Amino acid sequence: MSATTDRFWETTALANMTPGQWESLCDGCAKCCLEKLEDLDTGRIHYTNVACKLLDLDTCRCGDYADRARIIPSCITLTPAVLEQPRWLPATCAYRLVAENRPLPAWHPLLTGDPGTVQRAGASVHGRVISEKDAGPLIHHLVDWVE
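The model shown is predicted, which means the values in this text are computed figures rather than measured ones.

Draft legend 1. Broad picture of the overall build of the protein. A count of helical and extended segments in the protein gives 5 helices and 5 strands. Secondary structure of the protein in N-to-C order comes out as α-β-β-β-β-α-α-α-α-β. For the C-alpha atoms alone, the extent of the protein along its principal axes is close to 45 × 30 × 30 Å. A total of 147 residues make up the protein; the buried ones form 38% of that total. Looking at the protein, you have 14 positive and 19 negative side-chain charges, and the mean spots of the two groups are 1 Å apart.

Draft legend 2. Just unusual backbone geometry, in detail. The residue A30 is not glycine, and still its phi comes out positive at about 70 degrees. Note on placement: A30 falls in the loop between α1 (19-24) and β1 (34-38). The exposure class of A30 is buried, given its relative accessible area of 6%. Not every positive phi belongs to a glycine, and C60 is a case in point at roughly 60 degrees. Inspection of the secondary structure assignment puts C60 in the loop between β3 (55-56) and β4 (61-62).

Draft legend 3. Summary view of the sheet that holds strand β5 (residues 130-131). Strand order across the open sheet formed by 3 strands is β1-β2-β5, with mixed pairing between neighbours. The open sheet terminates on both sides in strands that have one partner only, identified here as β1 and β5. Here 4 bridges tie β1 to strand β2 (residues 45-51), and the two strands are oriented antiparallel to one another. Note on β2: the bridge partner recorded for L34 is A51.

Draft legend 4. Seen up close, the pairing of β2. With 6 of 7 residues buried, β2 lies mostly within the body of the structure. Remark: 6 residues form the turn of the hairpin made by β1 and β2, two consecutive strands paired antiparallel; G43 in that turn has positive phi of roughly 80 degrees.

Draft legend 5. Spatial organisation of the environment of Y95. Secondary-structure assignment places Y95 in helix α3 (residues 94-99). Between the C-alpha atoms of Y95 and P80, which are 15 residues apart in sequence, the distance is 8.9 Å. Y95 has contacts with L14, W22, E23, L25, C26, L78 and L83, leaving out every residue within four places of it along the chain. Looking at Y95, its side chain comes within polar contact range of the main-chain oxygen of W22, at 2.6 Å.

Draft legend 6. Quick look at the pattern of salt bridges. All told, the structure shown has 6 salt bridges when counted by the stated rule. Two residues, E10 and R7, come together in a salt bridge whose shortest N-O distance is 2.9 Å. With a closest N to O distance of 2.9 Å, R102 and E100 form a salt bridge. Assessed through its relative accessible area of 37%, R102 is described here as partly exposed.

Draft legend 7. Seen up close, the side chain of H108. If you trace the backbone, H108 turns up in the loop between α3 and α4 (109-112). Relative accessible area serves as the criterion here: at 0%, H108 is assigned to the buried category. For H108, the side chain forms a polar contact with the main-chain oxygen of L25, separated by 2.7 Å. Among residues more than four places away in sequence, those in contact with H108 are S24, L25, C26, D27, A94 and T117.

About the thresholds
Once a new chain begins, its residue numbering starts again from 1 and follows that chain's sequence as written. Only residues with pLDDT of at least 70 get local features here, since the model is predicted, and only at 80 or more are side-chain atom pairs given and counted; chain-wide, interface and lining totals rely on the full set of residues. Derived side-chain values reflect all non-hydrogen atoms in the structure, with water molecules and hydrogen atoms excluded from consideration. Each helix is a run of H or I in the DSSP string that is no shorter than four residues. Each strand is a run of E no shorter than two, and both are numbered from the N terminus. The buried label applies to any residue whose accessible area, calculated with a 1.4 Å probe on protein chains only, is under 20% of its type's maximum; exposed applies above 50%, and partly exposed to all values in between. For this count, His and the chain ends are skipped, Lys and Arg are scored as positive, and Asp and Glu as negative. One atom stands in for each charge, and that atom is NZ of Lys, CZ of Arg, CG of Asp or CD of Glu. Strand pairing is assigned whenever DSSP detects at least two bridges linking the two strands. In what follows, residue pairs with any heavy atoms lying within 4.5 Å of each other are defined as contacts. Pairing of N or O atoms within 3.5 Å defines a polar contact, subject to two protein rules: one partner must be a possible hydrogen donor and the other a possible acceptor, and residues neighboring in sequence count only if both atoms are side-chain atoms. Just to be clear on terms, a salt bridge is a Lys or Arg side-chain nitrogen sitting within 4 Å of an Asp or Glu carboxyl oxygen.

This is the structure:
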């Protein structure tokens, strides 16, 4: 993989991106695949170290990306409309950053040409999460390293 030179994310609206451009925004951090709890009083999102049962903990990729929304009805498929309210996505998420007209982090694979920079930058969940199959109560798994 080489760094993208056209920087399409700076000039193309999310709604106008090709499927390839859209998918390439994902850096593979898998933070969006973590179970979250919302404080009903404040609306604050609290992340856990518990990953969706479909997440491959070694690759940080969905084990059944094509059918994830059917298998996990609560799985949110990202669309431009969903990104109008992106606060539940981590602050480093490229989809959220582009929706908020902010720059991608320096470690993003579109800038580096290397998917490994996500993990080396400490921006990935790799090695820091467990599957929901093994977790127990989510309240016991709150973390503060996601943002």
